[in-house]
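Listed below, chain by chain, are the residues.
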Amino acid sequence: MGKIEKFFRTPQWYADLSAYTWDTKFVKLRDDVISAMATGMDEEKAQEFLYSAAGKELMNELSIPMGDIPGNAFAFVDVCAPTDTERFASKGGAVYSPRSALFYLLQSKKVAAAAAAGDVEYICLRPFRKITHAREFRLFIYEGGLSAMSQYHLIRHYRRLEGVKKEYWNLAEAFVRNVAWHLPVKSLVMDIYITSGNDILVVDLNPWGGDTDPLLLRTWERDWSVPAGIQLMAPPTAVTGDVKVSF
């Protein structure tokens, strides 16, 4: 993986953007642990690994940064979080101990695929925060400026966003102007979270185009030099009048 591509891993971009994201701790993984992660594990195999010498050693290493995190932590790896696990579905990914952090990372197919692709070097740890889906957005930064902004979670229309969409666009545009010089490429995709105090926190960075989902921008085949503004899910369509259904 080249220098530019590697920048999209959290441990790489964090050094340049730490002032604009959550405080994050990193635990480097040994090659044998990465290889074990890459195999993919069910619950039984993950339990076995926790009791192995490598598992116990890693849990000891995780206990140091997790001890500095008040309350629950959120554990992920360089390029992805274990969003495909039971823990994420039931608890939003909150973990309370090194054992639970490692247990769910080992069971994630997403983490296994990333490890197999050579994209995992660290376990990353942040304080757990409850996230409001309506405050998460994807920014499309083209040639150093904000070209478009999409609602991130395409699960429903959030009516409250209609009243703040201009404000959110202006916030994001100013944020990009402020941080663009930190970025190694002029065109990339940035996932952000807007706090209740209207601060912007960087969640993740992604390469421009390719496998990165354009979300509500639908396609990469467009003129990105023309700003598209903020794109939101449309409200549901109400059907009025007489509706006749034939079978």
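Residues numbered from 1 in each chain as written. Predicted model: local features only at pLDDT ≥ 70, side-chain atom pairs only at ≥ 80, totals over all residues. Heavy atoms only, no water.

Quick notes on empty space enclosed by the protein
Counting across every chain of the model gives one cavity of 30 Å³ or more. Of the voids in this model, the largest cavity is the one considered here, and its volume is about 60 Å³. A75, P82, T85, R87, F88, G93, V95, A101, Y104 and L105 are the residues that line the largest cavity. Those elements that provide at least two residues to the lining of the largest cavity are α6 (86-91) and α7 (98-107). Considered class by class, the residues forming the lining of the largest cavity number seven nonpolar, two polar and one charged. (1 Å grid on protein atoms, 1.4 Å probe; cavity = no way out; pocket = protein on both sides within 12 Å on 5 of 7 lines; lining within 4 Å. Points joined across faces, edges and corners; volume = space filled by probe spheres on them. Helix = DSSP H or I, 4+ residues; strand = E, 2+ residues; numbered from the N terminus. Nonpolar A, V, L, I, M, F, W, Y, C, P; charged D, E, K, R; others polar.)

Thoughts on the sheet that holds strand β1 (residues 25-28)
Overall, antiparallel pairing links the four strands, which are arranged β1-β4-β2-β3 in an open sheet. The open sheet has two free edges, formed respectively by β1 and β3 (94-95), since each of these has just one partner strand. Sheet topology note: the strand β2 (residues 73-77)/β3 ladder contains two bridges and is antiparallel. By the bridge assignment for β3, F74 is matched with A94. On top of the sheet, helix α2 (residues 10-17) reaches β1, β2 and β4 (122-127); it is set at about 45° to β4, its chief contact. (Pairing = 2+ DSSP bridges. Contact = heavy atoms within 4.5 Å. Axes fitted to C-alpha atoms, helices over the stretch in contact; angles between N-to-C directions.)

Observations regarding the side chain of R9
Residue position: R9 is located in the loop between α1 (3-6) and α2. Polar contacts involving the side chain of R9 include one to the side chain of E121, which spans 2.7 Å. (Polar contact = N/O pair within 3.5 Å; in protein donor to acceptor, adjacent residues only side chain to side chain.)

With respect to the sheet that holds strand β9 (residues 229-231)
Taken together, five strands build an open sheet; the order of strands is β8-β7-β5-β6-β9 and the sheet is mixed. Taken across any chain shown, the strands that pair with only one partner, and hence form the sheet edges, are β8 (200-207) and β9. With strand direction ignored, the average angle separating the axes of adjacent strands in the sheet is 25°. Relative to strand β6 (residues 145-151), strand β5 (residues 136-142) runs antiparallel, the two sharing six bridges. Looking at the pairing, R138 lines up with S150 of β6. Where helix α9 (residues 159-179) meets the sheet, it contacts β5, β6, β7 (188-194), β8 and β9, and its direction lies at approximately 140° from that of β6.

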